[in-house]
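Fold and geometry: a report
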Amino acid sequence: MDLGIDQKIVIVTGGSKGIGEGITRVLADEGAIPIIASRSKQSGKDLVNELSSQGQESYFVEAELSHKMDCINVVRKTIAKYGRVDALINNAGVNDGIGLEAGNADKFEKSLHKNLIHYYTLAHHCLPHLIETQGAIVNISSKTAMTGQGGTSGYAAAKGAQLALTREWAVELLKYNIRVNAIVPAEVMTPLYKKWLDTFGNPDRVLSTILENIPLGNRMTTPSEIGSMAAYLISNRARHITGQHLYVDGGYVHLDRSILPLRTSPLKEGK
Ligand code: NAP
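For the structure given in this document, a descriptive report is provided here. (Residues numbered from 1 in each chain as written. Predicted model: local features only at pLDDT ≥ 70, side-chain atom pairs only at ≥ 80, totals over all residues. Heavy atoms only, no water.)

Observations concerning the overall build of the protein
The condition is simple: Comment: elements are numbered from the N terminus, with helices defined as DSSP H or I runs of at least four residues and strands as E runs of at least two. Think of it in three bands: residues with accessible area under 20% of the maximum for their type are buried, residues over 50% are exposed, and the middle band is partly exposed, with areas taken using a 1.4 Å probe on protein chains only. By the convention used here, residues are in contact when the closest approach between their heavy atoms is within 4.5 Å. The accessible surface values rely on the Shrake-Rupley method and a 1.4 Å probe; as for residues, cover is taken only from the protein chains in view.
Helices and strands together make up the secondary structure of the protein, namely 9 helices and 7 strands. Expressed along its principal axes, the backbone C-alpha trace of the protein runs to roughly 55 × 50 × 40 Å. Residues classed as buried in the protein amount to 46% of the 271 residues present. A sequence separation of at least 24 residues applies to 72% of the contacts in the protein between residues at least 6 apart. Counting every atom, the protein has about 13,500 Å² of accessible surface; 52% of that belongs to carbon and sulfur.

Some points on the layout of surface pockets
What counts is decided by this rule: Cavity: a set of points on a 1 Å grid over the protein atoms alone where a 1.4 Å probe fits but cannot get out. Pocket: an open set with protein on both sides within 12 Å along at least five of seven lines, its lining residues, like those of a cavity, having an atom within 4 Å of a point. Grid points are joined across faces, edges and corners, and a volume is the space filled by probe spheres set on the points. The nonpolar class holds Ala, Val, Leu, Ile, Met, Phe, Trp, Tyr, Cys and Pro. Asp, Glu, Lys and Arg form the charged class, and all remaining residues, Gly among them, are polar.
There is about 920 Å³ of room inside the largest pocket. Every residue lining the largest pocket is counted, 38 residues in all, and those nearest its centre are Ala92, Gly93, Val94, Thr190 and Leu192. Listed by contribution, the elements that provide at least two residues to the lining of the largest pocket are helix H1 (18–29), helix H4 (105–133), helix H6 (153–172) and helix H7 (191–197). The biggest single contributor to the lining of the largest pocket is H7, with 5 residues. Considered class by class, the residues forming the lining of the largest pocket number 14 nonpolar, 16 polar and 8 charged.

A word on the site of the ligand
Heads up, the rule is: Proximity is defined per residue: if any heavy atom of the residue lies within 4 Å of a molecule or strand, that residue is considered near it. Nitrogen and oxygen atoms within 3.5 Å of one another constitute a polar contact, given that in protein one can donate a hydrogen and the other can accept it, and given that sequence-neighbouring residues count only through two side-chain atoms. More than half of a molecule's atoms lying within 2 Å of a cavity's or pocket's grid points is what places that molecule inside it.
Neighbouring the ligand are 28 residues; Lys17, Asn91, Tyr155, Val188 and Thr190 lie closest to it. Within the backbone of Val188, an N or O atom sits 2.8 Å from an oxygen atom of the ligand. Here an oxygen atom of the ligand and a side-chain polar atom of Thr190 are 2.5 Å apart. Taking 880 Å² as the accessible area of the ligand by itself, protein coverage stands at 93%. Cavity membership is defined here by more than half of the atoms lying within 2 Å of grid points; on that basis the ligand lies in the largest pocket. Broken down by secondary-structure element, the contributors of at least two residues to the shell around the ligand are H1, H6 and H7. When residues of the shell around the ligand are assigned to their parent elements, the largest contribution, 3 residues, is made by H7.

Observations regarding the nonpolar core
As a reminder, the rule being used: Residues grouped as a nonpolar core are buried Ala, Val, Leu, Ile, Met, Phe, Trp, Tyr and Cys residues, joined through side-chain atoms within 4.5 Å.
Ile11, Val74 and Ile137 are the most contacted members of the largest nonpolar core, which has 25 residues in total. Sorting the residues of this core by element identifies strand E1 (9–13), strand E2 (33–38), helix H3 (68–82), H4 and H6 as the ones contributing at least two each. Within the second largest apolar cluster, 23 residues are counted, among which are Ile19, Val26, Ala87 and Tyr119.

Describing the packing of aromatic side chains
Put simply, the rule is: Only Phe, Tyr and Trp rings take part, Trp by its six-membered ring, and two of them pair if their centres are within 6.5 Å. Stacked means planes under 30 degrees apart, edge-to-face means over 60, and tilted covers everything else.
A full pass over the atoms with the stated rule returns 4 aromatic pairs. Arranged with centres 6.5 Å apart and planes meeting at 55°, the rings of Tyr120 and Trp169 form a pair that is tilted. Of the two residues, Tyr120 is situated in helix H4 and Trp169 in helix H6; the sequence distance between them amounts to 49 residues. Take Trp169: its relative accessible area is 8%, and that puts it in the buried class.

Regarding the pattern of salt bridges
Here is the rule we go by: A side-chain nitrogen of Lys or Arg and a carboxyl oxygen of Asp or Glu constitute a salt bridge if their distance falls within 4 Å.
All chains considered together, the criterion is met by 8 salt bridges. Its salt-bridge partner being Arg39, residue Glu64 comes within 3.1 Å of it at the nearest N-O pair. In this pair, Glu64 sits in the loop between strand E3 (59–62) and H3 while Arg39 sits in the loop between E2 and helix H2 (41–53), placing the two residues 25 residues apart along the sequence. A residue is classified by how much of its surface remains accessible, and Glu64, at 23% relative accessible area, is partly exposed. Taking the shortest distance from any N to any O, the salt bridge between Asp86 and Arg84 comes out at 2.9 Å. By relative accessible area, which is 31% here, Arg84 ends up partly exposed. Taken together, the salt bridges that share partners define one network made up of Glu21, Arg25 and Glu50.

A closer look at H2
Under the convention used in this document: In this analysis, the expected span of each helix is defined as 1.5 Å times one less than the number of residues it contains. Comment: arc refers to directions from the helix axis out to C-beta atoms.
Between its first and last C-alpha, H2 extends 18 Å over 13 residues, near the 18 Å set by a 1.5 Å rise per residue. Along H2, the residues that are buried comprise Ser43, Gly44, Leu47, Val48 and Leu51. Angular distribution of buried residues about the axis of H2 spans 135°; they occupy a single face of the element. Counted as exposed and oriented over 90 degrees from the buried face of H2: Gln42, Asn49 and Ser53.

The following block contains the structure:
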């Protein structure tokens, strides 16, 4: 299926590592031009160079997204170079472990700046440009908005708010034919995920327990599987989809785990 996103200008926050990198790579493969907005300068430049060596165009804008001016600068630089924005993919975030017991209100607020406020700031400053292109927004949320995780109030609050904002913006922007959707990943091996795993004394055992609980194939979702959904959602192929929360998680959040061990898995048996 041709997504028809050739030459589309797509801002991807945190677009050089983990899920963001997966999104950037799928977009580039589809002929779009990803604008990687991240503080991760080395990985951003490396990825732009690698894509360029494959004949794929992308652009890196250095930004610490918890700073409002950096968000504004991402949009300004994109417009200065390409003159338009076709889509915004809000993805950057960090599971920073600001809990109810261990945290405090100041740390909680800082966590919201790392995880939530820039989603709004970028959408707000992209909006005049998205109106011109009748573009799309995709918010990358997390299963923690549904399941909780414990010890991470700031992150969970931000992830829940992203889902609420997805619906809120979808309604507000109907009149411009701008679509807004969210992707809800659960378990994707990325530098952030690895850091979280390493907070356990026995990360390998924790990982194998998690894998056992991922219904489809007992494996993690790959960054490119999230990227494929993001590319589809910004494309005209998804032109009647808005305000949706798409779970790309191998059934992790919704399937009945108590019944799963009773079923034999052809994948496990190598059939
Ligand atoms: P990651 O491996 O840490 O990659 C995120 C990238 O974004 C990194 O390059 C990071 O820079 C950058 N970044 C983060 N905060 C930033 C900021 N304030 N300003 C500029 N750049 C920033 O994370 P990931 O696992 O791919 O997660 C991406 C998104 O998916 C997050 O919103 C996360 O909540 C969501 N998610 C992930 C999972 C999962 O299983 N991995 C599950 C559910 C949801 P540094 O390298 O400098 O930190």
